[in-house]
Structures are given as C-alpha cells and as structure tokens.
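Residues per chain, in single letters:
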Amino acid sequence: MASENENTIGILENVSVTVPVVLIVGGSEDNQTTLKKRILMTGYGVEIVDTKSDAIDILNGEKKVDVIFVDYKLADGDAIEFLKSVKSSDEHSSIPVIVIDNRDDVDRMVNSVRNGAEDVLIRPLNPTILKARLENAIAKKKSDDAALEYIRKIQEDQRKAIEKEQMSSLGSMALAISNELQNPLNLVINLSDITVKRC
C-alpha cells in the first residue's frame, strides 16, 4: 500500500497518477496534524517539516512540491525570510506559497503578499476556504508549469532549427569542396588565381 506522502499512486500495473504534493512548514504539532488531515481529505499528498532549512532541503531534493503552506513564525526564521528564499530561486519561484498566521495583522499580511505569498490565511482555518485556496493554488501551479513547458519546447525547437540550418550549410560547403576536388583542373585554376592575387 502506498504511503500518504508518496507523489504517485498506482492505479493499474504500469499505470500511475501523479497527485499534487503540499509541503507544510512550521506550526505547532496540533496545527500541522489538523492541516495535514484537511489536505489529505482533498486527495493531495503531504510533507511536513518544522524549519525553513528543512523545507529548502526538500525543495532542492527530488520530490516535486506543488504548494507550500508556511507558518508565519518558524523555529529558524519567519515566513518573510522563507518567501525571499523561495521566490529568489528560479527553480522554486513558481511554487505558490500560502502563509498561515495566528494574528489578524494587516501589516504582516501585506508584507507576506509583497514578498510573494499567494495568500494569507488566519487561524482558526475555515475548512471550506482552505480547500478553495488550495485548489486555486494547485490550478495556478499547473497553469504556470504548462506555460513554462511550452516556453521550454519553443526554445528547444528553435535550438534544433538552428542546428539543422547550420548542418545544412556545412553539408552544402562540403559538397562544393568535394566537387572542386573531383575536378583537378578547376582546383589548379583556382589555386593559381589565389596565388596571382597574392602577388
């Protein structure tokens, strides 16, 4: 049986479905457990870490993370520092980050959003709002991933077209040289022309 933290759930032999994975960073054990249960009810996978540095390790690892919920206060910093780390990275900047705070503080909310938070939720979390925000974040991540993949494909197609054009030019030049070498009289005439021009 697959664990709840795995990205892929086997459906049939050799067929699998990738489920989005949500990373929970920080918060009390009770808050983490409650959030985890609510996310699992939506059918998504969950990873939990306590610190900013552990979260960065997971992001830099092999597991794909689709959405991050980060507690405003962390054992090794705060959500603002975490947002700055994630959003400054080309590899992770497209991951939606939702900040969870115990205080309904407008300045903290605004600061979180200005530093790249997708949203800010205040405890106690309303399950309906949580689900809606999570689904919106997952949809945004899928859309962003599709756009990035499209851009990568265009860039790869352009690179291949340039390589093909360069190879075609080299082929034409090689054919011309080959033709010249096959006709010794032309080779002698061309070499004598070059020699005369130099003198």
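Residues numbered from 1 in each chain as written. Predicted model: local features only at pLDDT ≥ 70, side-chain atom pairs only at ≥ 80, totals over all residues. Heavy atoms only, no water.

## Regarding empty space enclosed by the protein
One pass over the full model with this rule turns up one cavity of 30 Å³ or more. Lining of the largest cavity is provided by Ile24, Val25, Gly26, Gly27, Asn31, Gln32, Leu35, Phe69, Val70, Asp71, Ile100 and Arg123. For the lining of the largest cavity, the secondary-structure elements that each account for two or more residues are β3 (21–25), α1 (29–41) and β5 (67–71). Partitioned by chemical class, the residues of the lining of the largest cavity number six nonpolar, four polar and two charged. (1 Å grid on protein atoms, 1.4 Å probe; cavity = no way out; pocket = protein on both sides within 12 Å on 5 of 7 lines; lining within 4 Å. Points joined across faces, edges and corners; volume = space filled by probe spheres on them. Helix = DSSP H or I, 4+ residues; strand = E, 2+ residues; numbered from the N terminus. Nonpolar A, V, L, I, M, F, W, Y, C, P; charged D, E, K, R; others polar.)

## Observations regarding the pairing of β3
Burial analysis of β3 places five of its five residues in the buried class, which makes it a mostly covered element. Of the two faces of β3, the one holding Val21, Leu23 and Val25 and the one holding Val22 and Ile24 are both buried throughout. Summarising the sheet, β3 and strand β4 (residues 45–49) pair through five bridges and their orientation is parallel. Within β4, the position partnered with Val25 by the bridge is Val49. Once the chain exits β3 it traverses α1 before rejoining the sheet at β4, and the crossover so formed is right-handed. (Buried < 20%, exposed > 50% of the residue type's maximum accessible area, 1.4 Å probe, protein only. Pairing = 2+ DSSP bridges. Right-handed = clockwise from strand over helix to strand, strands pointing away.)

## Section: the pattern of salt bridges
Taken as a whole, this structure holds 14 salt bridges when the rule is applied. A salt bridge links Arg108 to Asp101; its shortest N-O distance comes to 2.7 Å. Residue Arg108 shares its accessibility class with Asp101, and that shared class is buried. (Salt bridge = Lys/Arg side-chain N within 4 Å of Asp/Glu carboxyl O.)

## Overview of the environment of Tyr72
By secondary structure assignment, the location of Tyr72 is in the loop between β5 and β6 (73–74). Note on Tyr72: relative accessible area 9%, which makes it buried. Placed 27 residues apart in sequence, Tyr72 and Val99 show a C-alpha to C-alpha distance of 6.1 Å. Residue contacts for Tyr72: discarding those within four places in its chain leaves Asp78, Ala79, Ile80, Val99, Ile100, Asp101, Arg108 and Ser112. (Contact = heavy atoms within 4.5 Å.)

## Some words on the side chain of Asp105
Position of Asp105 among the secondary structure elements: in the loop between β8 (97–101) and α4 (106–114). Overall, Asp105 belongs to the buried group, its relative accessible area being 17%. Among the polar contacts listed, one links the side chain of Asp105 to the side chain of Arg103, at a separation of 2.7 Å. Of the polar contacts made by the side chain of Asp105, one reaches the backbone nitrogen of Asp107; its length is 2.9 Å. (Polar contact = N/O pair within 3.5 Å; in protein donor to acceptor, adjacent residues only side chain to side chain.)

## Describing the pairing of β8
In terms of burial, β8 is largely enclosed, as five of its five residues are buried. Residue alternation in β8 divides its side chains into two sets, Val97, Val99 and Asp101 and Ile98 and Ile100, and both sets are buried. Bridging between β8 and strand β9 (residues 119–122) involves four bridges; their strand directions are parallel. Paired with Asp101 across the strands is Ile122, a residue of β9. Since β8 and β9 lie parallel, the crossover through α4 that links them has a hand, and here it is right-handed.

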